[in-house]
Amino acid sequence: MMPRRQQLDEKATIYHYQLIRRIPIPREVRISHLLIAALFGVFQGSMYGTTGILSWMISLIGVELVHFVIIRLTLIRVDEPEFRRFRWSLDAPWIGYVPVQHIEHGLFRRLHRHLLWFGLCVIAVAYPWMHESFMISLICWHLWTLAPRSVVLRKIRGLRRDGVMKLQSTDCSVYYR
């Protein structure tokens, strides 16, 4: 019979991560990101009145649902769907359906690319049937939601894609295994 310590060592999973880059997200950046959304709501209200405010609120929900569908469909194409790693978040600047655990850098880049282009395509398809304020709101919310992710991806542009990322409200960390 094996000693208890040896049994535990054989079953343990040990991850060796080396921190490559940490991108801090200062409090001022998070506040200004939220302030941009509020200013956009004020703009919609001043330009279109009640219709603008209503379209501003509904568009956020619509964009987040489109992002949810695109992420889920993209993850289905991956060999091992990573659904359990994603959750709804209200922490600035990661608002929406985002990874809450480690995610591969290459997968995150691919998801972001799909979100950007397929999201714009869905909005463009809806163009003939939408009111002007609703279209403006959809495009702005779409770009506003993806802006923090774009900034992070731009800052880690030269890194290998086999690393993993961890998004937190105060920073984004990139590790190599």
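Residue positions are counted from 1 within each chain, in the order its sequence is given. Only residues with pLDDT of at least 70 are given local features in this predicted model, and only at 80 or more are side-chain atom pairs given and counted; all residues enter the totals for whole chains, interfaces and linings. Each side-chain value is derived from all of the structure's non-hydrogen atoms; neither hydrogens nor water enter the calculation.

## Remarks on the sheet that holds strand S4 (residues 103-104)
Going by this rule: Note: two strands are recorded as paired if DSSP finds a minimum of 2 bridges between them. Helical segments are the DSSP runs of H or I of at least four residues, strand segments are the runs of E of at least two, and each set is numbered from the N terminus.
Here four strands make up an open sheet; going across it, the order is S1-S6-S5-S4 and the pairing antiparallel. The sheet is open, and its two borders are formed by strand S1 (18-24) and S4, each paired with just one other strand. Across four bridges, the pairing between strand S5 (residues 164-167) and strand S6 (residues 171-176) is antiparallel. Paired with Lys166 across the two strands is Ser173, which belongs to S6.

## Thoughts on helix H3 (residues 50-77)
An α-helical turn contains 3.6 residues, so a residue and the one three or four places further along point in the same direction. Our working definition: Between the first and last residue of a helix there are one fewer steps than residues, each counted as 1.5 Å, and that sum is the expected span. Only protein chains enter the accessibility calculation, which uses a 1.4 Å probe; a residue is then buried when its area is under 20% of its type maximum, exposed when over 50%, and partly exposed in between. Whether two residues touch is decided by their heavy atoms; if any such pair falls within 4.5 Å, the residues are in contact.
With 28 residues, H3 should cover 40 Å at 1.5 Å per step; its first-to-last C-alpha distance of 41 Å lies within 8% of that length. Residues Gly52, Ser55, Ser59, Val63, Glu64, His67, Ile70, Ile71, Thr74 and Leu75 constitute the buried set of H3. Where H3 is buried, its residues touch helix H2 (27-48), strand S2 (86-91), strand S3 (94-99), helix H4 (105-126) and helix H5 (132-155).

## Quick word on empty space enclosed by the protein
In plain terms, the rule: Grid spacing is 1 Å over the protein atoms alone, the probe is 1.4 Å, and a cavity is where that probe fits but cannot get out, while a pocket is an open set with protein on both sides within 12 Å along at least five of seven lines and lining residues have an atom within 4 Å of a point. Grid points are joined across faces, edges and corners, and a volume is the space filled by probe spheres set on the points.
By the definition in use, this model includes one cavity of 30 Å³ or more. Looking at the largest cavity, the residues that line it are Ile71, Phe86, Tyr97, Val98, Pro99, Phe108, Leu111, His112, Leu115 and Arg149. Every element with two or more residues in the lining of the largest cavity is listed here: S3 and H4. In terms of residues, the lining of the largest cavity owes the most to one element, H4, which gives four residues.

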